[in-house]
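# Reading the structure
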Amino acid sequence: MAIPVSLPEGYEAIWAGTAWGFAPAAALPWLRHTLEAGPDLHRWAETRSSARVLRGRGRVFSVEAPVPGPEARARWVVRHYLRGGAVARVLHDRYLAVGPPRPVSEVRASVEIRQRGVPTPAVVAGVVYPAGVFYRADLATEEIPDAVDLARILFGEDSLTEDMARALRAATRLIRLLERRGIYHPDLNAKNIVISGGSGSDVAHLVDLDRCRVRATGVPAPSLPMRRRLARSLRKLEGLSGRLLGAELWDAFSQGFVEEA
């Protein structure tokens, strides 16, 4: 597998055994040691004494940061890339080795999106494990303190209507910002928007960026697809949970798109 080595400024790549990875220069010794100790970054996170399991596709771990990341946050989130949709039954965690691997796409998008002022956690490491014409991959990002995904806020057992309405307004502000800054997320849903803050200062952050499309500076992203995609996600979660958001919350969702930015 030919690994592209074109990475954003500040990131460097290494080979460690059969794995290829990247991280900020200061974190490369840690990454090399971790990969040489094996077997992979995700398993390393799973075995940390500080590991907490987060909700998401597959097992996502929150661990204490072993070295400082770009923003020196206390904890990292480590996830293993898994396929979604019907193809997941066949390929599970394998991706065809064509074009940039998912971690490379994600770090490129992350750096550009952050430069455009969109809240998203910084990438601290990515690893690719070649396997013939396929590859598997892991990614580590800095954890946003006290952040909760939109799905849990809206459909958790202890959710309060006031908190739910604020979170929806924060999510719509994020979508409007993405549209203005030329960033299109084709799979925007209630689990890849996380909310931090609270007490009226909620901030929505975008996560899972490997499929994001970043347009040229000054070119806005399509205005409707992300809104419709998030609405479908909320409707699906209503059906899965058996809990309806109700007219008040759907009004808050709609009103968020017409409020002043």
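Placed above this text is the structure.
Our subject in this report is the structure included herewith. Just so it is clear, the structure is predicted and the values come from calculations on it, not from any experiment. (Residues numbered from 1 in each chain as written. Predicted model: local features only at pLDDT ≥ 70, side-chain atom pairs only at ≥ 80, totals over all residues. Heavy atoms only, no water.)

### Focus: the nonpolar core
Nonpolar side chains tend toward joint burial in soluble globular proteins. One finds Leu150, Leu154, Ile193, Leu230, Leu234, Leu245 and Phe253 to be the most contacted residues of the largest nonpolar core, which totals 40 residues. Among the elements of the structure, α4 (102-115), α5 (150-155), α6 (161-180), β10 (183-184), β11 (193-196), β12 (203-206), α7 (225-241) and α8 (247-255) are those that each provide at least two residues to this core. Looking at which element gives the most residues to this core, the answer is α6, with 10 residues. Beyond its immediate chain neighbours, meaning those up to four positions away, Leu150 contacts Ala167, Leu168, Ala171, Ala190, Ile193 and Leu230. By size, the runner-up hydrophobic cluster in this structure holds 22 residues, among which are Ala16, Leu35, Ala45 and Trp76. (Core = buried A, V, L, I, M, F, W, Y, C linked by side-chain atoms within 4.5 Å. Buried < 20%, exposed > 50% of the residue type's maximum accessible area, 1.4 Å probe, protein only. Helix = DSSP H or I, 4+ residues; strand = E, 2+ residues; numbered from the N terminus. Contact = heavy atoms within 4.5 Å.)

### Here's the deal with a positive patch on the surface
Taken together, the side chains of Arg55, Arg152, Lys191 and Lys236 define a basic patch exposed on the protein surface. Relative to the helices and strands, Lys191 is located in the loop between β10 and β11. (Patch = residues over 30% accessible without salt bridge, like charges linked within 9 Å, V, L, I, M, F, W, Y side chains within 5 Å. Areas by Shrake-Rupley, 256 points an atom, 1.4 Å probe, with all protein chains shown as cover. Salt bridge = Lys/Arg side-chain N within 4 Å of Asp/Glu carboxyl O. Lys, Arg positive; Asp, Glu negative; His and termini not counted. Charge placed at Lys NZ, Arg CZ, Asp CG, Glu CD.)

### Description of helix α1 (residues 28-37)
When we look at burial in α1, the residues that qualify are Leu28, Trp30, Leu31, Thr34 and Leu35. One side of α1 holds all its buried residues, which, seen down the axis, span an arc of 160°. Those residues of α1 that are exposed and angled more than 90 degrees off the buried face are Pro29, His33, Glu36 and Ala37. Where α1 ends, the next residue or the one after it, Gly38, has phi of about 65°, a positive value. (Arc of directions from axis to C-beta.)

### Some thoughts on the layout of surface pockets
There is about 310 Å³ of room inside the second largest pocket. Taken together, 16 residues make up the lining of the second largest pocket; nearest its centre are Val148, Arg152, Ile153, Asp163 and Ile195. Listed by contribution, the elements that provide at least two residues to the lining of the second largest pocket are α5, α6 and β11. Ranked by the residues each element gives to the lining of the second largest pocket, the list is headed by α6, at three residues. Split into classes, the residues belonging to the lining of the second largest pocket amount to five nonpolar, five polar and six charged. (1 Å grid on protein atoms, 1.4 Å probe; cavity = no way out; pocket = protein on both sides within 12 Å on 5 of 7 lines; lining within 4 Å. Points joined across faces, edges and corners; volume = space filled by probe spheres on them. Nonpolar A, V, L, I, M, F, W, Y, C, P; charged D, E, K, R; others polar.)

### Some thoughts on the pattern of salt bridges
Where charged atoms of side chains with opposite charge meet at close range, the side chains can pair. Here the structure, examined in full by the defined rule, presents 17 salt bridges. Salt-bridge contacts for Glu71 lead to Arg114; the nearest nitrogen and oxygen are separated by 2.7 Å. On the criterion of sequence distance, the pair formed by Glu71 in the loop between β4 (60-64) and β5 (75-80) and Arg114 in helix α4 is long-range, its members being 43 residues apart. Overall, Arg114 belongs to the partly exposed group, its relative accessible area being 29%. A salt bridge links Asp208 to Arg79; the nearest nitrogen and oxygen atoms lie 3.3 Å apart. Placement of the pair is Asp208 in the loop between β12 and β13 (213-214) and Arg79 in strand β5, with a sequence separation of 129 residues. When its relative accessible area of 32% is taken as the criterion, Asp208 is described as partly exposed. What you see here is one network of salt bridges that share partners, running through Glu162, Asp163, Arg166 and Asp202.

### Details of the pairing of strand β8 (residues 134-142)
Of all nine residues that make up β8, seven are buried, and the element is covered over most of its length. The pairing of β5 with β8 spans five bridges and is classified as antiparallel. Each bridged residue has a counterpart across the sheet, and for Arg79 the counterpart in β8 is Leu139. As judged from the two bridges shared by strand β6 (residues 95-96) and β8, these two strands associate in the antiparallel manner. Note that in β8 the partner of Leu96 across the bridge is Phe134. Sheet topology places strand β7 (residues 123-131) next to β8; eight bridges connect them, and they run antiparallel. The residue bridging Val128 from the neighbouring strand is Ala137, located in β8. Where β7 folds back onto β8 in an antiparallel hairpin, the turn is made up of two residues, including Gly132, whose phi is positive at roughly 65°. (Pairing = 2+ DSSP bridges.)

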